[in-house]
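Breakdown of the fold
Here is how the chains run, residue by residue.
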Protein chains: 2
Amino acid sequence: VSDLISELQTIVGDGHVLTAADLRAGYETDWTGRWQGESVAVVRPADTGEVSAVLRACASRRVAVVTQGGNTGLVGGATPAGPPPAIVLSMRRLDSIGDADPALMQLPCGAGVTLARLQQAAADAGLQAGLDLAARDSATVGGLAACNAGGLQAIRYGTARRRIAGLEAVLADGGVVSKMSGLAKDNAGYDLASLLIGSEGTLAVITRVLWSMVPRFADRALALVAVDSAAAAVAGARALLPRLPSLELLELIDEPSLRISLEYLAGSPPVPITPAWLLVGCASTGDAQEELAAALVESGLDERTVVAVDATRRQRLLSIRESVTEAIASAGVPHKLDVGVPLATLESFLDELPAVVGAAAPGARTFVYGHLGDGNLHVNLLGPAPDDESADEAVLELAARSGGTITAEHGVGRHKPQYLSLVRSDAEIAAMRAIKRALDPEGVLNPGVILA
Amino acid sequence: VSDLISELQTIVGDGHVLTAADLRAGYETDWTGRWQGESVAVVRPADTGEVSAVLRACASRRVAVVTQGGNTGLVGGATPAGPPPAIVLSMRRLDSIGDADPALMQLPCGAGVTLARLQQAAADAGLQAGLDLAARDSATVGGLAACNAGGLQAIRYGTARRRIAGLEAVLADGGVVSKMSGLAKDNAGYDLASLLIGSEGTLAVITRVLWSMVPRFADRALALVAVDSAAAAVAGARALLPRLPSLELLELIDEPSLRISLEYLAGSPPVPITPAWLLVGCASTGDAQEELAAALVESGLDERTVVAVDATRRQRLLSIRESVTEAIASAGVPHKLDVGVPLATLESFLDELPAVVGAAAPGARTFVYGHLGDGNLHVNLLGPAPDDESADEAVLELAARSGGTITAEHGVGRHKPQYLSLVRSDAEIAAMRAIKRALDPEGVLNPGVILA
């Protein structure tokens, strides 16, 4: 190991190989505190060439490489987990932003650029990033790509996969793959970039991303709609989706989530308390308010609706949704699940959920909120001990039985390899293992993540 | 082999294993006549289960499987090519179309459904397919997916990759991978579907596709714009792209292409003959004519412009572009190249092209037309003998030197494995080979395609 440390120091410079425990600490524990391990060093390369040299140095010694961006993940995918010896490869120094191409709406970013900086650079170009999530100040572009991040605007602009026009990455053997031409059409061989997106640092280390921005729509509107049941929420989503091309946000907030958020904000209910709310937002080149109002009327959702008529009230409605996570965290350590369930079966999923949780963890408090338009709901549980997975497993099984997925956006990480077979066949998992072996035969890239 | 034939007959039924030379002939030669080979049988399965059984039967005997949809490819990717013994796996019987989901705009299609039928089914649902190309009556959904098809509308709706919400496929060992839930967000492991799109039948046989439709825009407008130079064409494209969100078509037609098309159509020039034309189309929920006119004025492209004011004239302008291919074919056997070149270097590519072709094939006639907005130009050459690749190679080298690609939409097939190293690094090609070996260790799926 001391031989490795000295080689790493030669590659990235002494000051960027952190071996002291106190300097490593912030990199070895995730922000939730649930996932932690130990590394022999935290290595902070400056560019793709250094990443390549670091990977060769580690692969030849079979030392694991745990790649980390902003360390905002929720499934332990960016922190070490015990043996074998590992380094944490911090990508934050690869933080340069290139020139925006306004015609193609593309922006080259180093993997270490934060989402907030990307959003600002897009705004400076008169555009927007087309992706937003709460960890924007820390989460990095490389992490968004490696985890195929979703967030609030995926209903309109897709997940990170759709926003990535190209990328550069380093394979386990130090070889560099690069697709940064910006060409929307390029069929010269397998699309390695597509495979690497969402591979959570297990197949390659993403070093640069060509981000595909979206137009900035000046006019925005937002409404909070009270509905009587899960069925009504799903029916409302199905009615709105085809009627509102300018839809940018379609969130569900269930009654427990609304109540805890309002308590946390010390606010009062903007509408009578009912079993569920839809938060519907649109962004348009035309009259967003008018488009939203018309779609709500056509969808039969115009009663018991609060429409935000100005930016202040819009922000207030948004804060009810955005504060749900913090409000729950202030009441305990939640189990956080990000299931995806097709709209076709979402009603029965929501109907069955209380009994399923109740059987696995009697007395647990269940909160359901999130990205209804994508079928991506956050199920948060308060009550079960942090290491008691019985209710988690029951919820994931219900999602799988409903034709859904165990992770819509957080990824598999170290938390869910044990549940992968709920939603992926033996043939699929065998194919994933074969690909992993093909690209990382020594198994040095993020071992234990995705495939246990 | 006779043992294999009888097993195949048991799997798909006697009538669907074609062994007579005259019955096989239409499957063993591509439509251009350039690519042909011999198979031991043409096998026509009815469903995914039969495809799986056929693949197991072939893999165990190391008999190659050449998958074929509508046999409309241009690079020999769907016809056999001599040893080893091969079957042609015709997917046309998997031609069922499921129910459209109007809220999610998704339509499940068997791999053998033609693009024309998909387009009709989308229209029946009040939507459109979001992909169009000349071979629409024969090309199949499975082929569109396997080759990541592009075509005329990719500037707005992306290539097939963006239009595919999920797929089902059979691996070389008969294992089935399936992602047909329709969930836009699903991060449970590597995205095998993304890897299989564009893999040209070398990693799996695609059996079903969940197609993602797009809204139907009622109002359309089209204009033909004369420009003085390649530089002006590229500048025009860069000016229009950010100004016209309703842009659906942005094609280039150079002077030789326009002339030969007008001769073929026995028509007269709609505008004065100049070095290049842009064909600009938009489709809108608003007033397409007005949006197009405003963008042309803002982009300085409103002089020497013919705007089609009704559907008849729109069709006439479109036919000038659509007839270029046939017009060239009527004058000889063209070498057809589908390069992609970034807009940033497209001007110099176009400037250098005549000298590059002239040096490699003196006297060759060069036609340049195609999807300017994507940087995807069709370079057609008349003059060189069919097997004289010297000019082809020179053009592909120029595209590569320009930071572009050797194939924007046709794919690699059997034609271009020899050129892959012009645009993919050794590390990238090694990664592709490793993936191929991982998923098809016996090398039975479309050997010789993509990787020679």
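Report follows, based on the coordinates. (Residues numbered from 1 in each chain as written. Chains lettered and ligands numbered in written order. Predicted model: local features only at pLDDT ≥ 70, side-chain atom pairs only at ≥ 80, totals over all residues. Heavy atoms only, no water.)

Residue and element names in this part refer to chain A. Where helix α4 (residues 115-124) is concerned, the buried positions are Leu115, Leu118, Ala121 and Ala122. Buried residues of α4, viewed axially, fall in a sector of 120 degrees; they line one side. Taken together, the buried residues of α4 touch β5 (106-110), β6 (127-128), α5 (141-146) and β9 (204-212). Count one or two residues on from α4 and you reach glycine 126, which has phi positive near 75 degrees. (Buried < 20%, exposed > 50% of the residue type's maximum accessible area, 1.4 Å probe, protein only. Helix = DSSP H or I, 4+ residues; strand = E, 2+ residues; numbered from the N terminus. Arc of directions from axis to C-beta. Contact = heavy atoms within 4.5 Å.)

Attention now goes to the environment of Ala46(A). Residue and element names in this part refer to chain A. In this structure, alanine 46 sits in the loop between β2 (41-43) and α3 (48-60). Sequence separation of alanine 46 and methionine 91 is 45 residues, and the distance between their C-alpha atoms is 7.9 Å. For alanine 46, the contacting residues outside a window of four places in its chain are Arg93 and Leu94.

Our next topic: the interface of chain A and chain B. Bring the parts together and some accessible area is lost; that lost area is often taken as the interface size. Taken together, the 70 residues of chain A in the interface contact 70 residues of chain B. The junction of chain A with chain B conceals about 5100 Å² of combined surface from both sides, 62% of it contributed by carbon and sulfur atoms. Together, Lys185(A), Asn187(A) and Tyr190(A) form the three largest contributors to the area buried by chain A at its contact with chain B, with a combined 20%. Scanning the region where chain A abuts chain B turns up 10 salt bridges. (Buried area = accessible area lost by both parts, 1.4 Å probe. Salt bridge = Lys/Arg side-chain N within 4 Å of Asp/Glu carboxyl O.)

Residue and element names in this part refer to chain B. Read across the open sheet, the four strands follow the order β1-β2-β4-β3; overall the sheet is mixed. Two strands lie at the open edges of the sheet, namely β1 (17-18) and β3 (64-68), each paired on one side alone. Sitting on the sheet, helix α3 (residues 48-60) is in contact with β2 (41-43), β3 and β4 (86-90), with an inclination near 175 degrees to β4. (Pairing = 2+ DSSP bridges. Axes fitted to C-alpha atoms, helices over the stretch in contact; angles between N-to-C directions.)

Now for the sheet that holds strand β14 (residues 305-308) of chain A. Hydrogen bonding along the main chain pairs the strands of a sheet, whether they run parallel or antiparallel. Residues and elements named next belong to chain A. Strand order in the open sheet formed by seven strands is β14-β11-β13-β12-β16-β17-β15, with antiparallel pairing between adjacent strands. Each edge of the open sheet carries a strand with a single partner, namely β14 and β15 (335-340). Across the sheet, the axes of successive neighbouring strands diverge by a mean angle of 15 degrees, strand direction being ignored. As paired strands, strand β11 (residues 219-227) and β14 are joined by four bridges and run antiparallel to one another. Along β14, the bridge assignment pairs valine 225 with threonine 305. Strands in contact with helix α14 (residues 343-360) are β15, β16 (365-371) and β17 (376-382); relative to β17, the strand with the most contacts, it is inclined by about 10 degrees. Running at roughly 5 degrees to β15, helix α15 (residues 390-401) makes contact with β15 and β17 of the sheet.

The subject of this paragraph is the side chain of Thr114(A). All names here are of chain A. Considering the arrangement of structural elements, one finds threonine 114 in the loop between β5 and α4. The exposure class assigned to threonine 114 is buried, which follows from its relative accessible area of 17%. If we skip the residues at most four places from it in the chain, threonine 114 touches Arg136, Asp137, Ser138, Ala139 and Thr140.

In this section: the relation of the copies chain A and chain B. There are two copies of the chain, and a rotation about an axis plus a shift along that axis relates them. Between chain A and chain B, the superposition needs a rotation of 180 degrees and an axial shift of 0.0 Å, giving an RMSD of 0.0 Å. The superposition operator between the copies reduces to a two-fold rotation axis. Of the interface residues in chain A, 100% have counterparts in chain B that sit at the interface too, so the contact is made through matching surfaces. (Least-squares fit on C-alpha atoms with pLDDT ≥ 70 in both.)

Time to look at the pattern of salt bridges. On inspection of all chains with the given rule, the structure shows 48 salt bridges over all chains. In this structure, the salt-bridge partner of Lys185(B) is Glu409(A), at a minimum N-O distance of 2.8 Å. Here the residue Lys185(B) occupies a position in the loop between β8 (176-179) and α8 (192-196), and Glu409(A) occupies one in the loop between α15 and α16 (426-439), the pair thus bridging two chains. Taking the shortest distance from any N to any O, the salt bridge between Glu248(B) and Arg220(B) comes out at 2.8 Å. Residue Glu248(B) is located in strand β12 (residues 247-254), and its partner Arg220(B) is located in strand β11 (residues 219-227); the two are separated by 28 residues in the primary sequence. Because the salt bridges share partners, they merge into one network encompassing Asp3(A), Glu7(A) and Arg61(A).

Residue and element names in this part refer to chain A. Direction vectors running N to C along α14 and α15 enclose 155 degrees, while the axes themselves pass 9 Å from each other. The angle between the axes of α14 and α15 places the two elements in the roughly antiparallel class. Remark: the crossing between α14 and α15 carries right-handed chirality. Along the contact surface, α14 presents Phe349, Glu352, Leu353, Val356, Val357 and Ala360, while α15 presents Ser390, Ala391, Ala394, Val395, Leu398, Ala399 and Arg401. Across the contact of α14 with α15, the residue classes tally to 10 nonpolar, one polar and two charged. (Parallel < 35°, antiparallel > 145°, perpendicular 65-115°, else oblique. Left-handed = near helix turned anticlockwise from the far one by under 90°. Nonpolar A, V, L, I, M, F, W, Y, C, P; charged D, E, K, R; others polar.)

Another aspect to go through is the side chain of Gln68(A). Residue and element names in this part refer to chain A. Relative to the elements of secondary structure, glutamine 68 occurs in strand β3 (residues 64-68). Side-chain polar atoms of glutamine 68 contact the backbone oxygen of alanine 78, separated by 2.9 Å. Those residues in contact with glutamine 68 that lie beyond four places of it in its chain are Tyr27, Ala78, Thr79, Val88, Leu89, Ser90, Met91 and Arg92. (Polar contact = N/O pair within 3.5 Å; in protein donor to acceptor, adjacent residues only side chain to side chain.)

On to the pairing of β9(A), then. Residue and element names in this part refer to chain A. Counting buried positions along β9 gives eight out of nine residues, so the element sits mostly inside the fold. As paired elements, β5 and β9 share five bridges and run antiparallel to each other. Bridged to leucine 107 within β9 is tryptophan 211. Pairing geometry for strand β7 (residues 164-171) and β9, over seven bridges, is antiparallel. Residue pairing in the sheet places glycine 166 in a bridge with leucine 210 of β9.

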